[in-house]
Structures are given as structure tokens and as C-alpha cells.
Amino acid sequence: MEQRTVSSPVRQIPNALTLLRFAAIPLFIWLLLDDRAGPSWPAGIVFGLAAFTDQLDGYLARRWRVESPFGKVADPLADRLMIDTAVVLLVALDRLPWIALIILVRDLILVGGYRFVASRDYELEVSRLGKIATWGLYASIGFVLVTSEGTVWPIVCFWINLFLAVIAAGQYILRARKTLPR
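Residues numbered from 1 in each chain as written. Predicted model: local features only at pLDDT ≥ 70, side-chain atom pairs only at ≥ 80, totals over all residues. Heavy atoms only, no water.

1. Overview of the overall build of the protein chain
When its secondary structure is counted, the protein chain shows seven helices and zero strands. For the protein chain, the N- to C-terminal ordering of α and β elements is α-α-α-α-α-α-α. A compact globule built from 182 residues should have a C-alpha radius of gyration of about 16 Å, and the protein chain, at 17 Å, falls within 12% of that. By its C-alpha atoms, the protein chain is 50 × 40 × 25 Å across when sized along the principal axes. Counting only residues that meet the buried cut, the protein chain has 43% of its 182 residues in that class. Counting only contacts in the protein chain whose residues sit at least 6 apart along the sequence, the fraction spanning at least 24 positions is 79%. Accessible surface for the protein chain amounts to roughly 10500 Å². Of this, 67% is attributable to carbon and sulfur atoms. (Helix = DSSP H or I, 4+ residues; strand = E, 2+ residues; numbered from the N terminus. Rg over C-alpha atoms; globule rule 2.2 N^0.38 Å. Buried < 20%, exposed > 50% of the residue type's maximum accessible area, 1.4 Å probe, protein only. Contact = heavy atoms within 4.5 Å. Areas by Shrake-Rupley, 256 points an atom, 1.4 Å probe, with all protein chains shown as cover.)

2. Points about helix α4 (residues 69-92)
Here α4 spans 35 Å end to end across 24 residues, near enough to the 34 Å set by a 1.5 Å rise per residue. Note on α4: the residue one or two positions beyond its end, D94, has a positive phi of about 60 degrees. (Expected span 1.5 Å × (residues − 1).)

3. Regarding the environment of P9
The residue P9 is located in helix α1 (residues 8-11) in this model. Judged by its relative accessible area of 64%, P9 falls in the exposed class. Considered as a pair, P9 and A74 are 65 residues apart in the sequence and their alpha carbons are 19 Å apart.

4. A closer look at the packing of α4 against helix α6 (residues 128-146)
Packing of α4 against α6 leaves a shortest axis separation of 11 Å and a crossing angle of 35 degrees. When you trace α4 past α6, the crossing you get is left-handed. Residues D79, R80, M82, I83, A86, V87 and L90 of α4 pack against T134, L137, Y138, I141, V144 and L145 of α6. Of the residues contributing to the contact of α4 with α6, the split by class is 10 nonpolar, one polar and two charged. (Axes fitted to C-alpha atoms, helices over the stretch in contact; angles between N-to-C directions. Left-handed = near helix turned anticlockwise from the far one by under 90°. Nonpolar A, V, L, I, M, F, W, Y, C, P; charged D, E, K, R; others polar.)

5. Describing the packing of aromatic side chains
Inspection of the entire model under this criterion finds four aromatic pairs. Plain terms: the ring middles of F28 and F47 are 5.5 Å apart, the flat faces sit at 40 degrees to each other, and that makes the pair tilted. With F28 in helix α2 (residues 13-34) and F47 in helix α3 (residues 41-63), the pair connects residues that are 19 residues apart, well separated along the chain. This pair shows no difference in class: F28 is buried, exactly as F47 is. Pairing F158 with W159 gives two aromatic rings, centres 5.3 Å apart and planes at 70 degrees, and the pair type is edge-to-face. Take F158: its relative accessible area is 0%, and that puts it in the buried class. Put simply, the rings of F28, F47 and Y138 touch in pairs and so form one group of aromatic residues. (Phe/Tyr/Trp six-rings, centres within 6.5 Å; stacked < 30°, edge-to-face > 60°.)

6. Quick look at unusual backbone geometry
Phi angles above zero are rare outside glycine, and R65 is one such case at about 55 degrees. With respect to the helices and strands, the residue R65 is situated in the loop between α3 and α4. Accessibility expressed as a relative area gives 42% for R65, which makes it partly exposed. With phi around 60 degrees, D94 is a residue other than glycine that occupies positive phi space. We classify D94 as exposed; its relative accessible area is 58%.

Shown next, in the form of C-alpha cells:
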């Protein structure tokens, strides 16, 4: 397979897409709060574009072989912040039950745990289950955003993907415990 030479500015596109996801969070908040009764297609579109850029930045970084330490940390952090922001707002707007906030606990444990393991030279790798759970959370939250309050199937999808996200977190913790010296 031929390796492509990618110019320096183009090499920054994956990280720029990640930064764009961070920047989209305030816009998403504003759009959702502006249309709080739901469904909110504008917020859903911004949320969907954030999900798309998550896929695109990872694909481009791997394809162009421009993965960076910044991207390995910032990409999942941008996802967590976008998803967590959406969940908090949807709980506050009574579109998701309060127990959905368990996603915050999961993400705080992972972020706190990463700070601990990163100082011990642990290499973070997102698992296939973690990716599936993130895609599923993006999709199911997007569906909650664009459907009428009380529509059951997006909530069921959310619970399934939240369960997968919790399992993935357990896998990350177990892998770190096995890999790191005591």
C-alpha cells in the first residue's frame, strides 16, 4: 500500500474537526434551549454534525497517518462533552429521566482515571465497544432531540447504548489495571 504524503496544513484537518466539535457545544446549547419544548431539529442537526465530524476526523487521521497525542485525548473528550451536555439538558428539559445522568459518573471516572494512567505512560486506545457505544449514544440522543416528547423508541435506544458505554468503561478500567505495574 502506497503511503500518501499529506501537506502540513492538511495534516491539521482532523484536529481542527475535533476543535470544531468543542466550538459547537455552545451553539448546540443555545439551539436546544431556544426550542426547549422539542422536537428540536436545529439542535439535532448540530448534534448530528458533531457525530459526523467524530467519524470523519478519526477516519482522516488514520488514513493520512496523522494521529496525534492531542487527537487521542481531545477527540474522545469532545465526544464526552457533547454527549454529556446533551444528556444534562435533556434531563433538565424532562426529555430523559434523571437516572440518565449516570453517563456523567461514567465519564468522570474515565477522565479521572485517564489522568492517573497517563502519568504512568499508559497508551489510551478506544475499544470497538467504546466506539459502538459512542456512535449509539450520538444516534439515540439525536433521535430524542428530533422526536416528540414521550416517544419511546429513542429512549430505549439510549438505554441500550448507555449500557454498552458502561460495559466499555469497565473494559477500559480492567485493561488499565492489567497493563499498569502495581
